[in-house]
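Structural characterization, general
This is what each chain is made of:
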Number of protein chains: 4
Amino acid sequence: MSSLIRFGISLEKTLLEAFDGLISDRGYTNRSEALRDLIRDELVRREWLSGEVVAGTITLVYDHHTRELNARLTDIQHKHHDVIIATQHIHLDHHNCLEVIVVQGTPQDIEKLSSRLKAARGVKHSALTMATTGKNLR
Amino acid sequence: MSSLIRFGISLEKTLLEAFDGLISDRGYTNRSEALRDLIRDELVRREWLSGEVVAGTITLVYDHHTRELNARLTDIQHKHHDVIIATQHIHLDHHNCLEVIVVQGTPQDIEKLSSRLKAARGVKHSALTMATTGKNLR
Amino acid sequence: MSSLIRFGISLEKTLLEAFDGLISDRGYTNRSEALRDLIRDELVRREWLSGEVVAGTITLVYDHHTRELNARLTDIQHKHHDVIIATQHIHLDHHNCLEVIVVQGTPQDIEKLSSRLKAARGVKHSALTMATTGKNLR
Amino acid sequence: MSSLIRFGISLEKTLLEAFDGLISDRGYTNRSEALRDLIRDELVRREWLSGEVVAGTITLVYDHHTRELNARLTDIQHKHHDVIIATQHIHLDHHNCLEVIVVQGTPQDIEKLSSRLKAARGVKHSALTMATTGKNLR
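Rules and cut-offs
- Position labels on residues start from 1 in each chain and follow its written sequence.
- Whichever chain is written first is A, and whichever ligand is written first is 1; the rest continue in order.
- Where local features are concerned, this predicted model is filtered to residues with pLDDT of at least 70; where side-chain atom pairs are given and counted, the filter is 80 or more; whole-chain, interface and lining totals use all residues.
- With hydrogens and water excluded, all non-hydrogen atoms of the structure serve as input to the side-chain values.
- Labels follow the DSSP assignment, with helices taken as runs of H or I lasting at least four residues and strands as runs of E lasting at least two, numbered in each case from the N terminus.
- We take the radius of gyration over the C-alpha atoms and set the globule estimate at 2.2 Å times the residue count to the 0.38 power.
- Between buried and exposed lies partly exposed: a residue is buried under 20% and exposed over 50% of the maximum accessible area for its type, with that area taken using a 1.4 Å probe on protein chains only.
- By the convention used here, residues are in contact when the closest approach between their heavy atoms is within 4.5 Å.
- All accessibility values rest on the Shrake-Rupley procedure with a 1.4 Å probe; residue burial counts only the protein chains present in the view.
- Counted charges follow a simple rule, with Lys and Arg positive, Asp and Glu negative, and His plus the chain ends left uncounted.
- Throughout, a charge is located at the NZ atom of Lys, the CZ atom of Arg, the CG atom of Asp or the CD atom of Glu.
- Any Lys or Arg side-chain nitrogen located within 4 Å of an Asp or Glu carboxyl oxygen qualifies as a salt bridge.
- N or O atoms closer than or at 3.5 Å make up a polar contact, with two conditions inside protein: a donor-capable atom paired with an acceptor-capable one, and, for residues adjacent in sequence, both atoms drawn from side chains.
- Put simply, Ala, Val, Leu, Ile, Met, Phe, Trp, Tyr, Cys and Pro go in the nonpolar bin, Asp, Glu, Lys and Arg in the charged bin, and everything else, Gly too, in the polar bin.
- Copy-to-copy superposition: least squares on the C-alpha atoms, limited to residues that have pLDDT of at least 70 in both copies.
- Strand pairing is assigned whenever DSSP detects at least two bridges linking the two strands.
- For helices, the fitted axis covers only the stretch in contact; all axes are lines through C-alpha atoms, and the angles between them, taken along N-to-C directions, range from 0 to 180 degrees.
- Note that the term roughly parallel is reserved for angles under 35 degrees, roughly antiparallel for angles over 145, roughly perpendicular for angles of 65 to 115, and oblique for everything else.
- A helix is expected to span 1.5 Å multiplied by its residue count minus one.
- Confidence scores here are pLDDT values: one per residue, from the predictor, ranging 0 to 100.
- By construction, the arc corresponds to the directions joining the helix axis to the C-beta atoms.

**Here we look at the overall build of chain A**
- Looking only at helices and strands, one finds 4 helices and 5 strands in chain A.
- The N-to-C order of helical and strand elements in chain A reads β-α-α-β-α-β-β-α-β.
- A globule of 138 residues ought to have a C-alpha radius of gyration of about 14 Å, yet chain A, at 20 Å, is considerably larger.
- Along the first, second and third principal axes, the C-alpha atoms of chain A reach 60 × 30 × 20 Å.
- Taken across its 138 residues, chain A has 57% of its residues classed as buried.
- Put simply, 67% of the contacts in chain A that link residues at least 6 apart link residues at least 24 apart.
- Summed over all atoms, the accessible surface of chain A reaches about 5800 Å², with 51% contributed by carbon and sulfur.
- Computed over 18 positive and 18 negative side-chain charges, the inter-centroid distance for chain A is 2 Å.

Here it is, written out as structure tokens:
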């Protein structure tokens, strides 16, 4: 972790009060940590637009009784194995599975994999979450 | 506008450098103003979740040749006149109109109006933008 | 408007019931119109990613008492006049103004203008809304 | 899985062509499956607004060298164990970990846990992904 730099900022009194209310609700213990989070969220959004290597997760919900869906999903994942780090499988109930695939690669490659999985017949829901490798957020 | 309060925050050196790059790209002249914007964006998102009176805009794109669409849109707007402040109409080309409706009210009432307009046959696109009355952001 | 094409789709019974509930709540009178809206929303998201000419709105909320803010906002708008179609100004209360700027151009040019306006000191909130010229959604 | 119901919809020719281009790019093999996905996405968004029990994932990126962060994150997760199904931990590099927490509960409870984790000092990025238990999407 890099060294800390301290600097001053100025905020309107009423804006600061509203911000203090917000961060207290969310469980922050100091303003610096809350501001760091706001800044890092902006930087992560930017990483995804810039085409840099990013990390993320793809969350799928599907009915594992759908004929040949398991084989199809495994097949798609193997074709894109270079962007997949790991997969976790949860049994939500008798029918429904939730699968989380942790990915790392360019936004384009990740989005391509995400589209292919979403398009598979029997996948009820698919969501791509943008995260970060953390390399630029030291 | 309320009085300014100055306080110190600390950021990791590499995070601060990334932030300085971001705000320079966006045309900010100082860090305080950029941080204020990040804070206010969070507060506005929260206003919309809390059910307070908010302001916003509804943007519609439609083909004014669609039979009776103008009458239908006017009719819907009149039924919800209590949340509508003003409407501006732009002629994009021979067929397409863009209409911006400035609204103020509870998120529920605004979303109801927005749904009704979007559902009208011939409306090609409709987007609801969350803004603020500014009252809590002095 | 182009000619209508009719085709069949198949949906699981429970999914169709949930969809019918959703569209009835939103005021749609038939399924085709609701499905058209879902499709057009996807196409508009894609236009903004593809770099085509799009339309949109920028919504600003600001305190017009902020010294020289009006002049600054006008100045920025004139520098980007080629993407601005029209501006509407609403007086929310004694302090707060809401301004809607209707824009048309490439996503890059529009986002640049949006960043510049947001960065101006005294602007409390700024939101960019993605809409469409409607040209590809006939 | 419930029985399939077939019905007809009508779309403007140019809109249908644009939609066919979109679904072919995304790897769909037929229109019904693409429309089902658009519908289910809307229904999932609605589940999260309605306060029903939903499923989701929380993705964290953090530097595991941060003093006591591991203990802090474990502590928070145990306090909210009733909404947590499972956690998966990935070593991105020497410093950075990515952790995916699969959750099930009301949106309010899930968002509370998500806020607490995000606020922990040393967490670089946190994202909450809305998914579904699949129960209403048969």
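**Digging into the interface of chain D and chain A**
- In this assembly, 49 residues from chain D lie in contact with 49 residues from chain A.
- Counting every contact that joins chain D to chain A gives 5 salt bridges.
- Taken together, chain D and chain A are joined by 21 residue pairs in polar contact (both at pLDDT 80 or more).
- Secondary-structure elements contributing two or more residues to the side of chain D that touches chain A are α2 (31-50), β2 (54-63), β3 (84-91), β4 (96-105), α4 (107-119) and β5 (123-130) of chain D.
- Of the residues contributing to the side of chain D that touches chain A, the split by class is 20 nonpolar, 15 polar and 14 charged.

**Structural notes on the relation of the copies chain A and chain B**
- Least-squares fitting of chain A to chain B yields an RMSD of 0.1 Å, with the superposition described by an axial translation of 0.0 Å and a rotation of 180°. The superposition operator between the copies reduces to a two-fold rotation axis. Considering only C-alpha atoms, the part of chain A nearest the rotation axis is glycine 8 of chain A, at 2.1 Å.
- An overlap of 100% is found between the interface residues of chain A and their copies at the interface of chain B, pointing to a shared contact surface.

**A look at the sheet that holds strand β5 (residues 123-130) of chain C**
All names here are of chain C.
- Judged by pairing direction, the sheet is antiparallel, and its 4 strands sit side by side in the order β3-β4-β2-β5 without closing on themselves. Pairing within the sheet leaves two strands with one partner each, and these edge strands are β3 (84-91) and β5. For this sheet, the mean angle separating the axes of adjacent strands, direction not counted, is 15°.
- In the sheet, strand β2 (residues 54-63) pairs with strand β4 (residues 96-105) via 10 bridges, with the strands oriented antiparallel. For isoleucine 58, the partnering residue across the bridge sits in β4 and is isoleucine 101.
- Against the sheet, helix α3 (residues 69-79) makes contact with β2, β3, β4 and β5, and its axis sits at roughly 165° relative to β2, the strand it touches most.

**Points about the packing of helix α1 (residues 13-25) of chain D against α2 of chain D**
Residue and element names in this part refer to chain D.
- Remark: α1 packs on α2, axes separated minimally by 11 Å, with the N-to-C direction vectors making an angle of 85°. Between α1 and α2, the angle is such that the two are roughly perpendicular. Residues Leu16, Phe19, Asp20 and Ile23 of α1 touch α2, and the partners they reach there are Arg31, Ala34, Leu35 and Leu38.
- Here the residues of the contact of α1 with α2 sort into 6 nonpolar, no polar and 2 charged.

**Remarks on the interface of chain A and chain B**
- Contacts between the two partners involve 34 residues from chain A, matched on the other side by 35 residues from chain B.
- Scanning the region where chain A abuts chain B turns up 6 salt bridges.
- Where arginine 36 of chain B meets glutamate 12 of chain A, a salt bridge forms, and the shortest distance between an N and an O atom there is 3.4 Å.
- Inspection of the chain A/chain B interface yields 18 residue pairs in polar contact (both at pLDDT 80 or more).
- Only β1 (4-12), α1 (13-25) and α2 (31-50) of chain A provide two or more residues apiece to the side of chain A that touches chain B.

**Considerations on the pairing of strand β3 (residues 84-91) of chain B**
Residue and element names in this part refer to chain B.
- In terms of strand pairing, β3 meets strand β4 (residues 96-105) through 7 bridges, oriented antiparallel. Looking at the pairing, histidine 91 lines up with cysteine 97 of β4.
- If you look at the hairpin formed by β3 and β4, you'll find 4 residues sitting between the two strands.

**Overview of the environment of methionine 130 of chain C**
- With respect to the helices and strands, the residue methionine 130 of chain C is situated in strand β5.
- Under the relative-accessibility criterion, methionine 130 of chain C is labelled partly exposed at 37%.
- When the C-alpha positions of methionine 130 of chain C and arginine 45 of chain C are compared, they lie 7.7 Å apart, and in sequence the two are 85 residues distant.
- When neighbours within four sequence positions are excluded, methionine 130 of chain C is seen to be in contact with His125 and Ala127 of chain B together with Val44, Trp48 and Ala55 of chain C.

**A closer look at the relation of the copies chain D and chain A**
- It takes a turn of 180° to lay chain D on chain A, together with a shift of 0.0 Å along the axis; the resulting RMSD is 0.1 Å.
- Looking at chain D, 98% of its interface residues are interface residues in chain A too, so the copies touch through the same face.

**With respect to helix α2 (residues 31-50) of chain B**
- Along its 20 residues, α2 of chain B runs 29 Å from first to last C-alpha, staying within 8% of the 28 Å computed at 1.5 Å per residue.
- The element α2 of chain B is largely enclosed, with a buried count of 15 among its 20 residues.

**Section: the side chain of threonine 133 of chain B**
- The topology assignment puts threonine 133 of chain B in the segment after β5 (123-130).
- Those residues within four positions of threonine 133 of chain B in sequence are excluded, and the remaining contacts are Val53, Val54, Ala55 and Gln104 of chain B together with Val61, Leu92, Asp93 and Asn96 of chain C.

**Quick notes on unusual backbone geometry**
All names here are of chain B.
- One non-glycine residue, glutamate 68, lies in the positive phi region at around 65°.
- Position of glutamate 68 relative to the elements: it lies in the loop between β2 (54-63) and α3 (69-79).
- The exposure class of glutamate 68 is exposed, given its relative accessible area of 55%.

**Remarks on the confidence of the model for chain A**
- Looking at chain A, the pLDDT average stands at 90 and 99% of residues meet or exceed 70.
- Of the two predicted TM-score estimates for the complex, the pTM is 0.83 and the ipTM is 0.86.

**A word on the environment of aspartate 75 of chain B**
All names here are of chain B.
- By the element assignment, aspartate 75 lies in helix α3.
- A relative accessible area of 36% means that aspartate 75 is categorised as partly exposed.
- Spatially, the C-alpha atom of aspartate 75 lies 16 Å from that of tyrosine 62, the residues being 13 residues apart in sequence.

**Description of α1 of chain A**
- The terminal C-alpha atoms of α1 of chain A, which comprises 13 residues, lie 19 Å apart, in line with the 18 Å expected from a rise of 1.5 Å per residue.
- Every buried residue of α1 of chain A is accounted for by Leu15, Leu16, Phe19, Leu22 and Ile23 of chain A. Seen end-on, α1 of chain A carries its buried residues on one side only, within an arc spanning 120°.
- The inward-facing, buried residues of α1 of chain A contact β1 and α2 of chain A together with β1 (4-12) and α2 of chain B.

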